[in-house]
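Secondary and tertiary structure notes
If you want the building blocks of each chain, they are given just below.
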Amino acid sequence: MKRIAVLTSGGDAPGMNAAIRAVVRSGHYHGLEVYGVIRGYTGLINGDIRPLSLRSVGDIIHRGGTILYSARCKEFQTEEGRKKAVEQLRKHEIDGLVVIGGDGSFRGAQKLTALGFPAVGVPGTIDNDIPGTDFTIGFDTAVNTVIDCIDKIRDTATSHERTYVIEVMGRNAGDIALWSGLADGAESILIPESPYDLDDVVRRLKQATESGKKHSIIIVAEGVGSGVEFAEKIKEKLSVETRVTVLGHVQRGGSPTAFDRVLASRMGAKAVDLLRAGEKDKMVAIQNNKLVGIDFDEAFSMKHQPDMELYDLAKILSI
Ligand code: F6P
């Protein structure tokens, strides 16, 4: 292995830059040339592939987003598109590829490997929904962004003694809702992995008011449905003043937390180690704070589950 490339794909996540930096710096450290692909698989098909020097990744460890840009590429989903991508990789004499992204991006990496091109994945998504790894890059920052917002909402919620419904991202996973709900003492956390009972939510809200709480916070994961619609249901059942905040893409931006920077640095370097060891078709994962490489197939055969002990704990602590 003499020359490797790195790309970021799918929804960006804070810490992706730290992961790019780790791939570039550890690649150079081990005597490899490192190239960056611009705009994910789109750039791969178009041959937008540029050398990344040690200094080109300076001053980015603390920045959100991705200096390589990201895209969701339709053409890459076709066999023809993927063949074009492999041709470009060969033309640029690249020997291995690091794909930083979510599960959709990993399925793309796996297809490249099936065409004979070694590719490994680094899990980068705020959703924390990739099976096989305890954490993904960007999740911790997103949770911290959410709790920062909820702390602010709390102030006004208390002043006006209102009930707040806050919709958070996560696609089909409830991790962001669960962790931010526990960290912020939300009265109710609605996640797609555990169907909710509206009467139970209402009962808990009533109980909270009766026990002297001045406001209520309900966190709804986007995978459960619309926060606005849920607030309507609450209003019908309880005559309380309700407001809704949909946090949206604010959750994807910002400077990565120390946890995400360290995770990204470790994972980026591990991806280079995997390629150097001749591995392919694998993703980097963190399991019990140890970095491992696991087969994409193994990861795809599992189903991501949030930590339901946290869910139960949040219920107990929010009475
Ligand atoms: O996967 C990250 C994520 O932010 C999800 O939480 C969300 O459902 C989706 O991407 C939004 O995608 P887009 O930026 O394309 O609207």
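Nothing here was measured: the structure is a model prediction, and the numbers come from that model.

1. Considerations on the overall build of the protein chain
Broken down by element type, the protein chain carries 11 helices and 11 strands. Relative to a compact globule of 319 residues, whose C-alpha radius of gyration would be 20 Å, the protein chain shows 21 Å and is just as compact. The buried share among the 319 residues of the protein chain stands at 54%. Pairs at least 24 residues apart make up 74% of the contacts formed inside the protein chain by residues separated by at least 6 positions. In the form shown here, the protein chain has an accessible surface area of approximately 14,000 Å², with 48% of it arising from carbon and sulfur atoms. When the 40 positive and 43 negative side-chain charges of the protein chain are each reduced to one mean point, those points stand 5 Å apart.

2. Overview of helix H5 (residues 139-160)
Counted at 1.5 Å a residue, the expected span for H5 with its 22 residues is 32 Å, and the 31 Å between its end C-alpha atoms agrees. Within the sequence span of H5, burial applies to Phe-139, Thr-141, Ala-142, Val-143, Thr-145, Val-146, Ile-147, Cys-149, Ile-150, Ile-153 and Ala-157. Residues of H5 that are buried sit in contact with strand E6 (163-168), helix H6 (175-184), strand E8 (216-221), strand E9 (242-246) and helix H9 (258-276). Glu-161 sits one or two positions beyond H5 and adopts a positive phi of about 50 degrees.

3. Observations concerning the sheet that holds E9
What the four strands build is an open sheet, ordered E7-E8-E6-E9; its pairing is parallel. The outermost strands of the open sheet, each flanked by one partner alone, are strand E7 (188-190) and E9. Direction aside, the axes of adjacent strands within the sheet are offset by 15 degrees on average. Of the pairings in the sheet, the one linking E6 to E8 comprises six bridges and is parallel in character. Across the sheet, residue Val-165 finds its bridge partner in E8, namely Ile-218. Against the sheet, H5 makes contact with E6, E8 and E9, and its axis sits at roughly 165 degrees relative to E6, the strand it touches most.

4. As for the UniProt feature "binding site: ADP" (unreviewed entry) in the protein chain
Mapped onto the present numbering, the UniProt feature "binding site: ADP" (unreviewed entry) falls at Arg-21, Ala-22, Val-23, Val-24, Arg-25, Arg-154, Gly-185, Ala-186, Glu-187, Lys-213, Lys-214 and His-215. Taken together, the annotated residues stretch across 195 residues and extend over separate regions, lying up to 51.5 Å apart by C-alpha. Along the chain, the position of Val-23 falls in helix H1 (residues 16-29). According to the relative accessible area criterion, Val-23 is buried, its value standing at 0%. Each residue touching Val-23, except ones within four places of it in the same chain, is listed here: Ile-4, Val-6, Val-34, Val-98, Gly-268 and Val-272. Note that Ala-186 resides in the loop between H6 and E7. In this structure Ala-186 comes out as buried when scored by relative accessible area, which is 4%. Discounting chain neighbours no more than four positions away, the residues touching Ala-186 are Gly-181, Ile-217, Ile-219 and Ser-318.

Thresholds applied
Residues numbered from 1 in each chain as written. Predicted model: local features only at pLDDT ≥ 70, side-chain atom pairs only at ≥ 80, totals over all residues. Heavy atoms only, no water. Helix = DSSP H or I, 4+ residues; strand = E, 2+ residues; numbered from the N terminus. Rg over C-alpha atoms; globule rule 2.2 N^0.38 Å. Buried < 20%, exposed > 50% of the residue type's maximum accessible area, 1.4 Å probe, protein only. Contact = heavy atoms within 4.5 Å. Areas by Shrake-Rupley, 256 points an atom, 1.4 Å probe, with all protein chains shown as cover. Lys, Arg positive; Asp, Glu negative; His and termini not counted. Charge placed at Lys NZ, Arg CZ, Asp CG, Glu CD. Expected span 1.5 Å × (residues − 1). Pairing = 2+ DSSP bridges. Axes fitted to C-alpha atoms, helices over the stretch in contact; angles between N-to-C directions. UniProt positions renumbered as here; feature names shortened; annotations may be inferred.

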